[in-house]
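# Residue-level structure breakdown
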Amino acid sequence: MSGTYVLVIDVARSTTIDVGALGDREFTAGAYAYVGSAFGPGGFSRVDRHRELAAGDRETRHWHVDYLLGHPATHLEHAITFPDADRECELANSLPGEFVSGFGASDCDCSAHLLATPGGDAVLEAAIDAGGVVDA
């Protein structure tokens, strides 16, 4: 199955992370939401890959979010999926939070696909209200 997904990520302490081609980026402690798409051959297996990276079971980083998920100061709190829905840019522009400039939006005209949010629960609620399903 494929579609769009939202990852809710907790950054436990303020930290600087080398985000590949974006270089060093500072992240304040708090909740972040990353909006991605999974329309390739593996579909939502991309979400499983992100979980493995966050758990330390995978090292290879392909996308900006991989650098964030692979840092010891971060924890993947939730994954919300939108099966068969191409809503990546729409959700990045409508979920609560402030854009983290340029992060995760190298293939579109959005300001970013990572948001510094008012809290993980606020994003979780907004994503579910928008039709998302919490991915167990």
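Check the entry above for the structure.
Quick summary incoming for the structure in this document. Everything numeric here is computed off the predicted structure, so don't read it as measured data.

Tallied over the full model, the rule gives 3 aromatic pairs. Ring centres 6.3 Å apart and planes at 50° place the aromatic pair Y5 and Y34 in the tilted group. Pair noted here: Y5 is in strand β1 (residues 3-11) and Y34 is in strand β4 (residues 30-38), with a separation of 29 residues, a long-range link. Grouping residues by exposure puts Y5 and Y34 together as buried. Taken together, the aromatic side chains of F27, Y32 and F103 make up a single cluster linked through ring pairs.

What follows concerns the sheet that holds β1. Pairing within the open sheet is antiparallel, and its 6 strands lie in the order β6-β7-β4-β1-β5-β8. Unpaired on one side and paired on the other, β6 (98-99) and β8 (133-134) mark the two borders of the sheet. Taken together, the 9 bridges between β1 and β4 define a ladder with antiparallel strand orientation. What sits directly across from V8, in β4, is A33.

L7, I9, F27, Y34, L68, F103 and L114 are the most contacted members of the largest nonpolar core, which totals 21 residues. Broken down by secondary-structure element, the contributors of at least two residues to this core are β1, β4, α1 (45-54), α2 (64-69) and β5 (74-83). Of all the elements, β1 adds the most residues to this core, at 4 residues. Listed in part, the 14 residues of the second largest apolar core include F82, A85, L124 and A127.

On the surface, a cluster of negative charge is made up of E77, D121, E125 and D129. The biggest single contributor to the negative patch is helix α4 (residues 120-129), with 3 residues. Assignment of secondary structure puts D129 in helix α4.

Before going further, it helps to spend a moment on the layout of surface pockets. Looking at the largest pocket, its volume works out to about 180 Å³. If you trace the largest pocket, you find it lined by Y5, Y34, G36, S37, R46, W63, H64, E88, G104, A105, S106 and D107. Here the element with the most residues in the lining of the largest pocket is β4; it accounts for 3 residues. The residue inventory of the lining of the largest pocket, partitioned by class, reads 4 nonpolar, 5 polar and 3 charged.

Calculation criteria
Residues numbered from 1 in each chain as written. Predicted model: local features only at pLDDT ≥ 70, side-chain atom pairs only at ≥ 80, totals over all residues. Heavy atoms only, no water. Phe/Tyr/Trp six-rings, centres within 6.5 Å; stacked < 30°, edge-to-face > 60°. Helix = DSSP H or I, 4+ residues; strand = E, 2+ residues; numbered from the N terminus. Buried < 20%, exposed > 50% of the residue type's maximum accessible area, 1.4 Å probe, protein only. Pairing = 2+ DSSP bridges. Core = buried A, V, L, I, M, F, W, Y, C linked by side-chain atoms within 4.5 Å. Patch = residues over 30% accessible without salt bridge, like charges linked within 9 Å, V, L, I, M, F, W, Y side chains within 5 Å. Areas by Shrake-Rupley, 256 points an atom, 1.4 Å probe, with all protein chains shown as cover. Salt bridge = Lys/Arg side-chain N within 4 Å of Asp/Glu carboxyl O. Lys, Arg positive; Asp, Glu negative; His and termini not counted. Charge placed at Lys NZ, Arg CZ, Asp CG, Glu CD. 1 Å grid on protein atoms, 1.4 Å probe; cavity = no way out; pocket = protein on both sides within 12 Å on 5 of 7 lines; lining within 4 Å. Points joined across faces, edges and corners; volume = space filled by probe spheres on them. Nonpolar A, V, L, I, M, F, W, Y, C, P; charged D, E, K, R; others polar.

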